[in-house]
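Examining the three-dimensional arrangement
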Amino acid sequence: MSKLNDAINKQYNFEIESAYLYVSMAHYMEEKGMSGFAHFFLKQAHEEIEHAEKMSHYLFSIDEKPTLEAIKKPQEEFGNFTETFKAAYEHEQEVTKRINELYDFSIEENDHKATSMLQWFVDEQVEEEDSFRTLIEQLERVNESWAGLYLLDEKLGQR
Ligand SMILES: [Fe+2]
């Protein structure tokens, strides 16, 4: 496997690791009785699996077999509600950093098909970060009040 494809395979694994983290956040929310927030994080986890599948599909399509690596045990406690969403946002910023590095690497390698595949991820990260920023802004306004939290929980449960 080329160095670039190997790096794509690493990101493939990191997408699955992201899903694992969001499942853990869903458990944390469910435990606190916030089923809307839990639903939101589970959906987020499903999206991460879809992202991973886009990458494994790409690797197979260029005749490379993706490799699954061991996934580290995710964190289980994330603080209060605002802090939990902030932790998710920080994770998305880390994903963006890694995607951008991969994108740059594909350009350095003149691998147009990889650049094209990664373009989708560059765009997707803009949306991911935007949606978390919006939620954090709303959570900060609510300031951990139960009335506000239940309204947001209700809203995210319908996502
Ligand atoms: Fe992702």
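Structure: above.
Residues numbered from 1 in each chain as written. Predicted model: local features only at pLDDT ≥ 70, side-chain atom pairs only at ≥ 80, totals over all residues. Heavy atoms only, no water.

Looking only at helices and strands, one finds five helices and zero strands in the protein chain. Its helices and strands in sequence order give the protein chain the pattern α-α-α-α-α, from N to C terminus. The long-range fraction of contacts in the protein chain, counting pairs at least 24 apart against all pairs at least 6 apart in sequence, stands at 81%. Total accessible area on the protein chain is roughly 8900 Å²; 50% of this is exposed by carbon and sulfur atoms. Counting 16 positive and 34 negative side-chain charges, the protein chain places the centres of these two groups 1 Å from one another. (Helix = DSSP H or I, 4+ residues; strand = E, 2+ residues; numbered from the N terminus. Contact = heavy atoms within 4.5 Å. Areas by Shrake-Rupley, 256 points an atom, 1.4 Å probe, with all protein chains shown as cover. Lys, Arg positive; Asp, Glu negative; His and termini not counted. Charge placed at Lys NZ, Arg CZ, Asp CG, Glu CD.)

The next subject is the packing of helix H4 (residues 112–142) against helix H5 (residues 146–157). For the pair H4 and H5, the least separation of the axes is 9 Å and the interaxial angle reads 155°. It follows that H4 is roughly antiparallel to H5 by the angle criterion. The way H4 lies across H5 gives a crossing that is right-handed. When H4 is examined against H5, the residues Leu135, Gln138, Leu139 and Val142 are found in contact with a partner set consisting of Gly148, Leu149, Leu152, Lys155 and Leu156. Here the contact of H4 with H5 is built from residues that sort into six nonpolar, two polar and one charged. (Axes fitted to C-alpha atoms, helices over the stretch in contact; angles between N-to-C directions. Parallel < 35°, antiparallel > 145°, perpendicular 65-115°, else oblique. Left-handed = near helix turned anticlockwise from the far one by under 90°. Nonpolar A, V, L, I, M, F, W, Y, C, P; charged D, E, K, R; others polar.)

Of note, isoleucine 8 is situated in helix H1 (residues 3–31). Spatially, the C-alpha atoms of isoleucine 8 and phenylalanine 81 are 33 Å apart, while their sequence positions differ by 73 residues. Apart from the residues within four sequence positions on either side, isoleucine 8 is in contact with Met55, Tyr58, Leu59, Leu102, Ala114 and Met117.

For H1, with 29 residues, the first-to-last C-alpha span of 42 Å sits near the 42 Å given by 1.5 Å per residue. Trailing H1 by a residue or two, glycine 33 shows a phi angle of about 80°, which is positive. (Expected span 1.5 Å × (residues − 1).)

Evaluation of the coordinates by the stated rule reveals twelve aromatic pairs. Here the aromatic rings of tryptophan 120 and phenylalanine 121 are separated by 4.9 Å at their centres, their planes lie at 80°, and the arrangement is edge-to-face. On the accessibility criterion, phenylalanine 121 (1% relative accessible area) is buried. A cation over a ring is seen here: lysine 54 above tryptophan 120, with NZ or CZ 4.2 Å from the ring centre. (Phe/Tyr/Trp six-rings, centres within 6.5 Å; stacked < 30°, edge-to-face > 60°. Buried < 20%, exposed > 50% of the residue type's maximum accessible area, 1.4 Å probe, protein only. Lys NZ or Arg CZ within 6 Å of the ring centre and 35° of its normal.)

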